[in-house]
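For reference, the chains in residue letters:
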Amino acid sequence: MSKAPTEVTLPRTTRGKRPVFFDDPSIDQMMTFVIELTTEVAVLRERLDTVERLLDAGVPVTREAIESFQPQAAVNTERDAWRDAYLKRVFRMHPTASAQTSDPERGSSP
Amino acid sequence: MAARAEDIATPNIDELFRPTHDERARQSFVSMLRKHAIIDLRAAVRRHYESEVAPALRARGAEPATWRDIERVMEPDPLHRLYSTLRYNAQEMCYLSVQPAIERALPEMIDLARDLATHNPAGGTLRLNPQFEIPRYLHALDVHLAPGWVTAEHTEDDVAQGAVVGFGGKVFTGQHPYRKRPGVVAESIAHWIQRTRPGFTPRRILDLGTTAGKNLLPYKSAFPQSEAHGIDCGAPVLRYGHALAEHEGIAVHFSQQNAERTDFPDGHFDLIVSSFFLHEIPLKATRNVLRECHRLLSPGGLMVHMELPDASSVSEYDNFFWNWDTHNNNEPFYTNYREQDPLRLCEEAGFLPADAFKLTIPDAASFGEERYARFLKGELPAPPHGSGGWFIFGAERRG
Ligand SMILES: C[S@@+](CC[C@H](N)C(=O)[O-])C[C@H]1O[C@@H](n2cnc3c(N)ncnc32)[C@H](O)[C@@H]1O
């Protein structure tokens, strides 16, 4: 309560017990790294997409132009479709053992 | 609403939130990550359970009978683990992705909220209690994995958690088919009341656990003559909610109170509502809140809570799905709450059994009027809770 507002740093960690989903907790930690990294790639991809759209429009590419780029609704729709497909590509599950036994010809589940 | 707000030109506290290009990209991606987990993977896990896991167990004569059995079987399942880790991480990232922009905006946000709390241009009020005792169950851990949740104050007159929970919530629901618009629950309940009780005109409305009033404001629009009140324990979310309502030009009275025991007089309200509230408090507190509702309702008054469907209202598989949050989303009271029969809870609070109800109503925004009429005639069921419908329970107060 004593800090001036300008100095406020919000807490980044949650109070409460963190669940462990995998047999080895280091895999839980690894999944956080993977998910964060996946997110970083998506952010980078979107920045590149903004740059390309500025170039297409003949707008000089400056940091300021990137920051003030306001995507139209159609651009957002296109980006959402990309994000959706990208997520599904990255988090592709191995075929399950039971699916393999039930479909030995193809050996993979949808 | 927006046009009117422009006329009176009250600044919008939400507009002080100015994420950079990359922060915005991150937020959009987290919304999609969350959708991938809660919609796509949730469905995939269910299909996997129904078409592979359960039949294999059935063949061995070991099909799970209860949701706990299902949980035991599914916990080591690789697909369920992927779903769980994505859901958990996405939840954390909702808040992490908005915090930097909030830190930058905070001084301006605080100034604006302070100013609006002094001048109340829309005629609402904000009543905080510096001596307020926050119930232990509310600050012992961070509900929804939101660091600081709704009560933490980082500086004087702080609104930060109002912004964190508000903008984090927008990332959370950003790609959810039925939750994109704020206030959909209140809109759906108000619509249901108007269609089932024509002529019901509440003089005073109270929303319990209102946070920043997202599901309170639509009641004021549906019942314009009414006086609308919202209470919560968290000062930062109330300050934020007050600033938002004043900008919208909607007069709402926010006060910092414990819903277990408020300072309103007996029979003060004709309509008492809540949403996403009761499952977050211990059962003892829920019982106190319902008794308090009974005390506060006027004769002929109506109480409606939007809640998670209770265990007996859904399948064992659905119970397994819903109870995930208990341990994985810092909601320790969730499973126990869901095991109660809401009708029984109403009765224990003093309502007559014949005056209590529980049902799933359609989401007003997506269902369509024609289908709604058929729902009212009993010809068409509402979609399941969270997938186009909302589970509600409550009671009327006689005499
Ligand atoms: C998930 S939020 C509710 C969200 C909000 N009603 C909506 O529809 O968006 C739960 C809220 O209940 C509040 N709360 C918890 N215990 C309370 C109590 N005893 N009295 C009043 N509010 C309480 C919390 O502070 C929190 O803001």
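Worth saying up front: this structure is predicted, and the values here are computed from it rather than measured. Counting from 1, residues in each chain are numbered in the order their sequence is written. A letter from A marks each chain and a number from 1 marks each ligand, given out in the order of writing. Totals for whole chains, interfaces and linings use all residues, but because this is a predicted model, local features are given only for residues with pLDDT of at least 70 and pairs of side-chain atoms are given and counted only at 80 or more. No hydrogens and no water enter the side-chain calculation; it runs on all heavy atoms of the structure.

Caption draft 1: Local environment of the site of the ligand. Residues and elements named next belong to chain B. Only a single heavy atom is needed: when it lies within 4 Å of a molecule or strand, its residue is near that molecule or strand. What surrounds the ligand is a group of 19 residues, the closest being Tyr137, Thr211, Asn215, Asp232 and Ser275. Polar contact is the term for a pair of N or O atoms within 3.5 Å; when the atoms are in protein, one must be able to donate a hydrogen and the other to accept it, and sequence-neighboring residues count only if both atoms are side-chain atoms. Take Gly209: an N or O atom from its main chain is 2.9 Å from a nitrogen atom of the ligand. One of the side-chain nitrogen or oxygen atoms of Asn215 is found 2.8 Å away from an oxygen atom of the ligand. Gly is put with the polar residues, along with every residue not named as nonpolar or charged; the nonpolar set is Ala, Val, Leu, Ile, Met, Phe, Trp, Tyr, Cys and Pro, and the charged set is Asp, Glu, Lys and Arg. In terms of residue class, the shell around the ligand is built from 8 nonpolar, 8 polar and 3 charged.

Caption draft 2: Looking closely at helix α1 (residues 25–56) of chain A. Numbering of helices and strands runs from the N terminus, with a helix taken as a DSSP run of H or I at least four residues long and a strand as a DSSP run of E at least two residues long. To estimate the expected span of a helix, subtract one from its residue number and multiply by 1.5 Å. Between its first and last C-alpha atoms α1(A) spans 47 Å; for 32 residues at 1.5 Å apiece the expected length is 46 Å, and the two agree. Any two residues whose heavy atoms approach within 4.5 Å are treated as being in contact. Where α1(A) is buried, its residues touch α2 (63–67) and α3 (73–90) of chain A together with α2 (21–59) and α4 (78–96) of chain B. After α1(A) finishes, the residue Gly58(A) shows a positive phi value of roughly 75 degrees.

Caption draft 3: Summary view of the nonpolar core. Residue and element names in this part refer to chain B. Only buried Ala, Val, Leu, Ile, Met, Phe, Trp, Tyr and Cys residues count toward a nonpolar core, and they belong to the same one when joined by side-chain atoms within 4.5 Å. When accessible area is computed with a 1.4 Å probe and restricted to protein chains, residues below 20% of their type maximum are described as buried, those above 50% as exposed, and intermediate ones as partly exposed. One finds Ile13, Leu33, Met109 and Leu208 to be the most contacted residues of the largest nonpolar core, which totals 102 residues. If one sorts the elements of this core by residue count, α2 sits on top with 13 residues. Sequence-distant contacts of Ile13, defined by excluding residues within four places in its chain, comprise Met109, Leu112, Ala113, Tyr240, Ala243 and Leu244. One finds Ala186, Phe200, Ile205 and Leu302 within the second-largest nonpolar core, a separate group that totals 24 residues.

Caption draft 4: Up close: the pattern of salt bridges. Residue and element names in this part refer to chain B. Whenever a carboxyl oxygen of Asp or Glu lies within 4 Å of a side-chain nitrogen of Lys or Arg, that contact is scored as a salt bridge. Within this structure, the stated rule accounts for 42 salt bridges over all chains. The salt bridge partner of Asp318 is Arg46, with a shortest N-O separation of 3.0 Å. Placement of the pair is Asp318 in helix α12 (residues 316–322) and Arg46 in helix α2, with a sequence separation of 272 residues. Here Arg114 and Asp111 are joined by a salt bridge, their closest N and O atoms 3.4 Å apart. With a gap of 3 residues between them, Arg114 and Asp111 both fall in helix α5 (residues 99–119), about one helical turn apart. Accessibility expressed as a relative area gives 37% for Arg114, which makes it partly exposed. Overall, Asp111 belongs to the partly exposed group, its relative accessible area being 47%.

Caption draft 5: Spotlight on the interface of chain A and chain B. Counting residues at the interface gives 45 residues for chain A, matched by 52 residues for chain B. Accessible surface is computed with a 1.4 Å probe, and the buried area is the amount of it that two parts give up when combined, taken over both parts together. Each partner contributes to the roughly 4,500 Å² buried at the junction of chain A and chain B, and carbon and sulfur atoms together form 60% of this total. Connecting chain A to chain B are 9 salt bridges. The salt bridge involving Glu36(A) is made with Arg26(B); its shortest N-O contact spans 3.3 Å. For the interface between chain A and chain B, the tally reads 19 residue pairs in polar contact (both at pLDDT 80 or more). Counting residues per element, the ones that place at least two in the side of chain A that touches chain B are α1, α2, α3 and α4 (97–102) of chain A. It is α1(A) that provides the largest number of residues to the side of chain A that touches chain B, a total of 12 residues. A per-class count over the side of chain A that touches chain B returns 19 nonpolar, 11 polar and 15 charged.

Caption draft 6: Spotlight on the environment of Ser255(B). All names here are of chain B. Tracing the backbone through its elements, the reader meets Ser255 in strand β4 (residues 252–256). Between the alpha carbons of Ser255 and Gly234 there is a distance of 9.6 Å; along the sequence they are 21 residues apart. Residue contacts for Ser255: discarding those within four places in its chain leaves Arg127, Gly230, Ile231, Asp232, Leu238 and Phe264.

Caption draft 7: Here's a closer look at the pairing of strand β6 (residues 297–306) of chain B. Residue and element names in this part refer to chain B. In terms of residue burial, β6 counts as a mostly covered element, since 8 of its 10 residues are buried. As defined by bridge partners, strand β5 (residues 269–275) adjoins β6 across 6 bridges and the pair is classed as parallel. Looking at the pairing, Ile272 lines up with Met303 of β6. Between β5 and its parallel partner β6, the chain crosses via helix α11 (residues 283–296), and the hand of that crossover is right-handed. Pairing between two strands is assigned when DSSP locates at least 2 bridges connecting them. Place the viewer so that the strands point away; then a crossover is right-handed whenever the path from the first strand over the helix to the second strand goes clockwise.

Caption draft 8: Region of the structure containing the packing of aromatic side chains. Note on aromatic pairs: the rings of Phe, Tyr and Trp (six-membered ring only in Trp) are paired at centre separations within 6.5 Å, and the planes decide the class, stacked below 30 degrees, edge-to-face beyond 60, tilted for the rest. The full count for this structure, using the stated rule, is 16 aromatic pairs over all chains. Judged by centre distance (5.6 Å) and plane angle (70 degrees), the ring pair of Tyr372(B) and Phe375(B) falls under edge-to-face. Taken together, the residues span about one helical turn, with Tyr372(B) and Phe375(B) both in helix α17 (residues 369–376) at a distance of 3 residues. For the pair shown, Tyr372(B) and Phe375(B) are each scored as buried. Among the aromatic residues, those joined into a ring-pair cluster are Phe21(A), Tyr83(B), Tyr88(B) and Trp324(B). Note that Arg34(B) overlies the ring of Phe172(B), its terminal NZ or CZ placed 3.6 Å from the centroid. A ring is considered to have a charge above it if a Lys NZ or an Arg CZ atom is located within 6 Å of its centre and within 35 degrees of its normal.

Caption draft 9: Quick look at unusual backbone geometry. Residues and elements named next belong to chain B. Positive phi, normally seen in glycine, also occurs at Asn120, with a value near 40 degrees. Along the polypeptide, Asn120 turns up in the loop between α5 and β1 (125–127). Not every positive phi belongs to a glycine, and Phe276 is a case in point at roughly 50 degrees. Of note, Phe276 is situated in the loop between β5 and α11.

Caption draft 10: Expanded view of the sheet that holds strand β2 (residues 204–208) of chain B. Residue and element names in this part refer to chain B. Here we have 8 strands laid out as an open sheet, ordered β1-β4-β3-β2-β5-β6-β8-β7, and mixed in their pairing. Of all strands in the sheet, those with a lone pairing partner are β1 and β7 (356–362), marking the two edges. The average undirected angle you get between the axes of adjacent strands in this sheet is 20 degrees. Bridge count for β6 against strand β8 (residues 389–396) is 5 bridges, and the pairing is antiparallel. Paired with Met303 across the strands is Ala395, a residue of β8. Docked against the sheet, α11 engages β2, β5, β6 and β8, running at close to 145 degrees with respect to β6. Axes here refer to lines fitted to C-alpha atoms; in helices the fit is confined to the stretch in contact. Angles between the N-to-C directions go from 0 to 180 degrees.

Honestly, it's all geometry; don't read function into it.
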